[in-house]
Amino acid sequence: MNLDHVTLRTADLEGTRQFLQDLLGLTVGYRPSFGFPGYWLYEGDQPIVHLVPGGGTPVGRSAEVIDHIGFRLDGYDEFRARLDKKGTPYSTMDLPDLGERRLFVRTPGQILIELVFREASKQAAGQR
């Protein structure tokens, strides 16, 4: 089983679209005519992020919500340098026992995005 896509409801449709295009290199592609605005953002020929407009109303702490979205990427050092150059705020988490490094960023509407880099996992696997 693979995750097909994620749909983000955002009060800042254009800002979130631009942010994700800049951050992840996604491109706007075909989207059926649903009768309301939105975007499908593609990685290659796969629409992996759908954006639709929505109010940014707070959700009570007892409500079930998706906490964050994670993307697996390559090139941790280059990606982090790019965030630094753009002045994009982020936090880090290194998990050496998993051979992973992570960067966390937020969209303009404060949706948390986790960027997972596993280049070191090959080294870690060889050391076990």
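For the structure itself, consult the block above.
Residues numbered from 1 in each chain as written. Predicted model: local features only at pLDDT ≥ 70, side-chain atom pairs only at ≥ 80, totals over all residues. Heavy atoms only, no water.

K.L.:
Which residues make up the overall build of the protein, and what values do they have?
P.N.:
The secondary structure content of the protein amounts to 3 helices and 8 strands. The N-to-C order of helical and strand elements in the protein reads β-α-β-β-β-β-α-β-β-β-α. Residues classed as buried in the protein amount to 34% of the 128 residues present. Put simply, of all contacts in the protein between residues at least 6 apart along the chain, 48% involve residues at least 24 apart. Accessible surface, the protein: about 8600 Å² in total, of which carbon and sulfur atoms supply 52%. (Helix = DSSP H or I, 4+ residues; strand = E, 2+ residues; numbered from the N terminus. Buried < 20%, exposed > 50% of the residue type's maximum accessible area, 1.4 Å probe, protein only. Contact = heavy atoms within 4.5 Å. Areas by Shrake-Rupley, 256 points an atom, 1.4 Å probe, with all protein chains shown as cover.)

K.L.:
Describe in detail the sheet that holds strand β5 (residues 69–73), supporting the description with residues and values.
P.N.:
Strands pair in a sheet through their backbones, by hydrogen bonds, and they do so in one of two ways: parallel or antiparallel. Across the sheet, which stays open at both edges, the 4 strands sit in the order β5-β8-β7-β6 with mixed pairing between neighbours. On the outer flanks of this sheet lie β5 and β6 (91–95), each paired with one strand and no other. The average angle at which neighbouring strand axes cross in this sheet is 25 degrees, direction not considered. The pairing of β5 with strand β8 (residues 112–117) spans 5 bridges and is classified as parallel. Looking at β8, one finds that glycine 70 is bridged to glutamate 114. Across the sheet, helix α1 (residues 13–24) touches β5, β7 (100–106) and β8, and the angle it forms with β8 is around 10 degrees. Helix α2 (residues 76–86) rests against β5, β6, β7 and β8 of the sheet, and its axis sits at about 25 degrees to β7. (Pairing = 2+ DSSP bridges. Axes fitted to C-alpha atoms, helices over the stretch in contact; angles between N-to-C directions.)

K.L.:
A description of the layout of surface pockets should follow, citing residues and the corresponding values.
P.N.:
The volume enclosed by the second largest pocket comes to roughly 420 Å³. Surrounding the second largest pocket, 15 residues form its lining, Leu3, Ile48, Gly70, Phe71 and Arg72 being those nearest its centre. Secondary-structure elements contributing two or more residues to the lining of the second largest pocket are β4 (46–53) and β5. For the lining of the second largest pocket, the element with the most residues is β5, which contributes 5 residues. (1 Å grid on protein atoms, 1.4 Å probe; cavity = no way out; pocket = protein on both sides within 12 Å on 5 of 7 lines; lining within 4 Å. Points joined across faces, edges and corners; volume = space filled by probe spheres on them.)

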